[in-house]
Amino acid sequence: MDFTFSEEHQAAVEAAKAVFAGVAPDGVPSPARTTGAVADDFDRTLWARLADADLLSLLLDTEYGGAGLDAIALCLVLRESAKVLARVPLLESTAAAATVQAYGSAEVKEELLARAGRGELVLTVAAHGRTGHDPAELAVVARRDGDGTWVLDGMQTAVPWAYNADFVLVPAHTDDSRHAVLALVPRVHQGVVLAEQISTTGERLAQLRLESARITAPYVLDTEGAWEWLRLLLTTGTCALALGLGDGVLRMTSDYTSKREQFGYPIATFQAVAVQAADRYIDLRAMEATLWQAAWRISSGAGGALPAAGDVAVAKIWASEGVRRVVQTAQHLHGGFGADTDYALHRYHAWAKHLELSLGPAAAHEETLGDLLAAHPLA
């Protein structure tokens, strides 16, 4: 594995830093200050700036106006976005568009991809299943009708940005259980019902119910491996968000403990404080190493002792447990100041909890890793 980022990767990071420099975490809507959703929509102004910087089309080919980059580039940008709690569907829309590009019909690619890359069209993914604990593809059943149309029935929970996206990419299983399919379901469509849910971040999620929703064949990705690839990309992107959030929190903690004094000395000079901060730094470096291993496996298609899913599981285990430890230590070292709603840390804590559990907590991925080790004994 080569940890060196290419010039294109570094350019994407610089562009992301320039865009996100204008986002103030203190200005991000706080879930502690409202009983409902913090906002009805994501940050459209920031979304437009991302489009202008060509950061919404990173994974798209040049024929669709994209840069033709890989999952590593996406994770680098996601990391920067999480440092400032950027309220945009960057992961979901980019991952869905990349999946359509890799597995979709020529007709749908021509219709959707360039518009998605310009930010004119927003995609999201229903990836949490019926309860958030069961496989997402089992929550919806898809069957072919006589005219070739697909009919979808079932329910997905906690769909991010569903009220604001134009299409939701929904995994489903077929009657013969050959493999999962992915259906591009319009937000406004007969047989599509949304019910509001609120995440720990205060963002508006949706329970998506499909009641004999009819989707024409071109909008259904019926290629084996499409859902598995999308799921791995989403999980790896979630790890990148956790790493960026953890980086931001540790920097806040470092700044605070360097200025906060007790007995005439900054508390950062106290051994107990320094040891806890050092432990969290080690967590972040482990999160970073496992993230880039997973992103590299997805991007390169390189083989290994285990399938790429094994590397993704390891990355998610570290991300889930690491980001939780980072924010808990930050709260402890900040004292009561960490709970002040005029300070940004409580927002990071709420986002960290969401990322910890998103697409499966550490225990779920430990089980996945165990199954892979049982199926692929290491020599």
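The structure under discussion appears in the preceding block.
Fair warning: this is a prediction, and the values are worked out from it, not measured in the lab.

Criteria and thresholds
Each chain has its residues counted from 1, running along the sequence as written. Residue-level local features of this predicted model are given only where pLDDT is at least 70; pairs of side-chain atoms are given and counted only at 80 or more, and the full residue set underlies all totals for whole chains, interfaces and linings. To obtain the side-chain values, all non-hydrogen atoms of the structure were used and water was disregarded. For this analysis, a ring pair means two rings from Phe, Tyr or Trp (six-membered ring only for Trp) whose centres lie within 6.5 Å, classed as stacked if their planes differ by under 30 degrees, edge-to-face if by over 60, and tilted for the remaining angles. We call a charge positioned over a ring when the NZ of a Lys or the CZ of an Arg lies within 6 Å of the ring centre and within 35 degrees of the ring normal. Put simply, DSSP H or I for four residues or longer makes a helix, DSSP E for two residues or longer makes a strand, and each gets a number counted from the N terminus. Here an angle of 0 to 180 degrees is reported between the N-to-C directions of two axes, which are lines fitted to C-alpha atoms, with helices fitted over the stretch in contact. Left-handed describes a crossing in which the near helix is turned anticlockwise from the far one by less than a right angle; the clockwise case is right-handed. Note on contacts: a residue pair is in contact if any heavy atoms of the two residues lie within 4.5 Å. Classes in brief: Ala, Val, Leu, Ile, Met, Phe, Trp, Tyr, Cys and Pro nonpolar; Asp, Glu, Lys and Arg charged; the others, Gly included, polar. Two strands form a pair only when DSSP identifies at least two bridges running between them. Remark: exposure states derive from per-residue accessible area (1.4 Å probe, protein chains only) relative to the maximum for the residue type, with buried under 20%, exposed over 50%, and partly exposed in between.

*Asks:* Explanation requested: the packing of aromatic side chains in the structure shown.
*Replies:* What describes a pair of aromatic rings is the distance from one ring centre to the other and the angle between the planes of the rings. All chains considered together, the criterion is met by seven aromatic pairs. Through a chain of ring-to-ring contacts, three or more aromatic side chains come together here, namely Phe42, Trp47 and Trp161. Seen from the ring of Tyr163, Arg204 lies directly overhead, with NZ or CZ sitting 3.8 Å from the centre.

*Asks:* How do you make sense of the environment of Val188 when you look at a structure like this?
*Replies:* The topology assignment puts Val188 in the loop between β5 (181-186) and β6 (192-198). Sequence separation of Val188 and Lys109 is 79 residues, and the distance between their C-alpha atoms is 20 Å.

*Asks:* I would appreciate a short explanation of the packing of helix α3 (residues 71-83) against helix α6 (residues 226-259) in the present structure.
*Replies:* Think of two packed helices as two axes; the pair is described by the angle between the axes and how far apart they sit. Running from N to C, α3 and α6 point in directions that differ by 40°, and their axes come no closer than 7 Å. As for how α3 packs across α6, the hand of that crossing is right-handed. Each of Ala71, Leu74, Cys75, Leu78, Arg79, Ser81, Ala82 and Lys83 in α3 lies in contact with α6, whose residues at this interface are Leu233, Thr236, Gly237, Ala240, Leu241, Leu243, Gly244, Leu245, Asp247 and Gly248. A breakdown of the residues in the contact of α3 with α6 according to their chemical character gives 10 nonpolar, five polar and three charged.

*Asks:* What am I meant to see in the pairing of β6 here?
*Replies:* A regular strand places its side chains on the two faces of the sheet in alternate fashion. As defined by bridge partners, β6 adjoins strand β7 (residues 204-215) across seven bridges and the pair is classed as antiparallel. Across the sheet, the residue bridging to Ile198 is Arg204, located in β7. Hairpin connection from β6 to β7: five residues lie between these consecutive antiparallel strands, with Gly202 at a positive phi of about 85°.

*Asks:* Honestly, the side chain of Ser57 in this entry has me stumped. Any pointers?
*Replies:* With respect to the helices, strands and loops of the structure, Ser57 is situated in the loop between α2 (44-52) and α3. For Ser57, a relative accessible area of 3% puts it in the buried group. Those residues in contact with Ser57, other than ones at most four positions away along the chain, are Gly65, Gly66, Ala67 and Gly117.

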